[in-house]
Amino acid sequence: MVGITQPKPGEHVNANGVWDLLQNKGKMTVFSLCLLLCADLLDLAVGYLTVTIEPLPPVVVGETVTLKCNFKTDGRLREIVWYRVTDGGTIKQKIFTYDAMFNTNYSHMEDYRRREDLVYQSTVRLPEVRISDNGPYECHVGIYDRATREKVVLASGNVFLTVMSPPNNISVVAENTPAPFSRYQAQNFTLVCTAKGGKPAPSVYFKRDGELIEVISYTQSSGEQGGGAAGVRGARPLISRDLDDTKLQRSLSLLDPEGRAPRPYTESPQRVHTQGQQAYEPSPATEVIPETVVSREFPRWVHSTDPLYYFSHTHIPQSDGSVVVQARLTWTLNPQLDNDALFSCEVKHPALSMPMQTEVTLAAPKGPKLFMSPTRAKVGDTVRITVQGFQNEVFPEPLFTWTRVGGRLLDGSTEREGKELILERVPAELNGSMYRCTAQNPLGSTDTHTRLIVFENPSMMKNTQNQNNGASCLDVLGLTWMALVLTVTVELT
């Protein structure tokens, strides 16, 4: 037992404040005193070390980022090491080290990738950050142990660097094109807007003639990728071609007594004859065409005042951390209303001060320009008839079909698709033949004709004459030999 007396007024406290803890006790055990003294000595030996890192706001690709590691200690600094954490924290890669003992710093990255720069011991600057720099970073600070001077006491802090990248490319295309024009029924039409290179994923929306389109969102399943029309039908039916009361009454008045609709003569040139009835072939000049046939012959579909637009989007992650966004806008196309309509796709992103935009104007093809090579074709030449362009800008991409008026093509086929028609080794019989190029897209169709003029080929005529001359010489020689043989035979007899 150790006895400790209470100090008199004005007397100093000894043992580093031990008396303050034991001022109400006259005695204490040796074990308690030793424990208190060891704790006080340990605190003096180790000291303290705290590490904090200021949070970073999101940065844009190409900017400069400063990673600042703040630490407080009463010990002797040993080193400061910066790590980049990858694979969910399983891998820590050294990027920079400051050695306080030798007052040196060095980068752990390869020479050609070295971009780090030490600003002030614990502060590192990353110029022109990339998307790959996105992720967590850690700062480890080590100080010497006061007791042994050989061990190092460590403390660390972490910060997450968020790197944003604006989209670098946006485009609008028509899905499932080229496609033919149908004047007999309405068809779905889909615009696909693709935004590439964004991180995080941008928001995409459509406008028509500068006005934001009100859309009906739907979820597109994986089996419906690339088929916007199918996805819309699966979620909700598109705009129906319902007739109003006036159209309905007129259509009912055209039904036959058995309630069946008459077959329009434009659908099939054959006539349907029933038993017991005499075949009747009205003259095309006097035949009355009912209104329903006119509606089927030309695109006069009845739409609601405000078309219904269906919208879906998909996100496709990329290996570099960016996201490709594909947005689809689907509606029932009306060539009379949608021709010359301006559709724009706009992309918003936090890294952009204003939205990115790309636009297309729906237009039916008008008057394709045809070019024939060679311009003066001769018999036996290979002739190419190519579509050079249009009198107007055409969107979506047209479908080109080639036919020969009044006959088949040179290879025996009835038609050929593509922007170019090739006629190999044209014969003289094709002189004056007419060729038709039909250009069509879902908004309309147009035909352009060109006539093939074939000239005589002098080289071929020369070869033909040479062949004929050779044959004549052979005939003369043959007759001469026959005359000699006959003469010799007569003399011998």
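The structure contained in this document is the topic of the report that follows. (Residues numbered from 1 in each chain as written. Predicted model: local features only at pLDDT ≥ 70, side-chain atom pairs only at ≥ 80, totals over all residues. Heavy atoms only, no water.)

Summing up its helical and strand segments, the protein chain has seven helices and 31 strands in all. For the protein chain, the proportion of its 493 residues judged to be buried stands at 35%. If you take every contact in the protein chain between residues at least 6 apart in sequence, the share linking residues at least 24 apart comes to 62%. (Helix = DSSP H or I, 4+ residues; strand = E, 2+ residues; numbered from the N terminus. Buried < 20%, exposed > 50% of the residue type's maximum accessible area, 1.4 Å probe, protein only. Contact = heavy atoms within 4.5 Å.)

Moving on, we get to the state of the cysteines. Tallying each qualifying case throughout the model produces two disulfides. The residue that forms a disulfide with C69 is C139, at a sulfur-sulfur distance of 2.1 Å. Between C69 and C139 the sulfur-sulfur dihedral comes to about -90 degrees; the bridge is accordingly left-handed. Here C69, found in strand β5 (residues 65-73), pairs with C139, found in strand β11 (residues 135-144); they are 70 residues apart in sequence, far enough to count as distant. Each member of the pair, C69 together with C139, is buried. The disulfide that involves C193 links it to C345, with 1.9 Å between the sulfurs. Taking the sign of the torsion about the S-S bond as the criterion, the disulfide between C193 and C345, at about -75 degrees, is left-handed. (Disulfide = S-S within 2.5 Å.)

This paragraph deals with the sheet that holds strand β25 (residues 383-389). Ordered in space as β23-β25-β28, the three strands form an open sheet in which the pairing is antiparallel. Of all strands in the sheet, those bounded by a partner on one side alone are β23 (369-373) and β28 (420-423). Sheet twist, expressed as the mean angle between neighbouring strand axes with direction ignored, is 20 degrees. (Pairing = 2+ DSSP bridges. Axes fitted to C-alpha atoms, helices over the stretch in contact; angles between N-to-C directions.)

Applying the stated rule across the entire model yields nine salt bridges. The salt bridge partner of E138 is K92, with a shortest N-O separation of 3.0 Å. With E138 in strand β11 and K92 in strand β7 (residues 91-99), the pair connects residues that are 46 residues apart, well separated along the chain. Overall, the relative accessible area of 15% leaves E138 in the buried class. (Salt bridge = Lys/Arg side-chain N within 4 Å of Asp/Glu carboxyl O.)

A separate point is the environment of R451. Tracing the sequence through the fold places R451 in strand β30 (residues 444-451). Setting aside chain neighbours within four positions, we find R451 in contact with M372, G432, S433 and M434. Side-chain polar atoms of R451 contact the backbone oxygen of G432, separated by 2.6 Å. (Polar contact = N/O pair within 3.5 Å; in protein donor to acceptor, adjacent residues only side chain to side chain.)

Ranked by size, the top nonpolar core spans 27 residues in total, and within it L191, F206, W331, F343 and L362 carry the most contacts. Only β14 (169-174), β15 (188-198), β16 (203-208), β19 (309-317), β20 (323-332) and β21 (342-348) provide two or more residues apiece to this core. It is β20 that contributes the most residues to this core, five residues altogether. Those residues in contact with F206, other than ones at most four positions away along the chain, are L191, C193, L212, I213, F311, A327, R328, L329, S344 and C345. (Core = buried A, V, L, I, M, F, W, Y, C linked by side-chain atoms within 4.5 Å.)

The tally for this structure, following the rule as stated, stands at five aromatic pairs. With centroids separated by 5.4 Å and ring planes inclined at 50 degrees, the aromatic side chains of Y309 and W331 adopt a geometry described as tilted. Note that Y309 is positioned in strand β19 and W331 in strand β20, a separation of 22 residues in sequence. We note that Y309, like W331, is buried. Here the aromatic rings of W331 and F343 are separated by 4.9 Å at their centres, their planes lie at 20 degrees, and the arrangement is stacked. Here W331 is found in strand β20, whereas its partner F343 is found in strand β21, with twelve residues between them in sequence. Under the relative-accessibility criterion, F343 is labelled buried at 2%. Pairwise contacts between aromatic rings join F189, Y309, W331 and F343 into one cluster. The positively charged end of R376 is found above the aromatic ring belonging to F455, 3.8 Å away from the centroid. (Phe/Tyr/Trp six-rings, centres within 6.5 Å; stacked < 30°, edge-to-face > 60°. Lys NZ or Arg CZ within 6 Å of the ring centre and 35° of its normal.)

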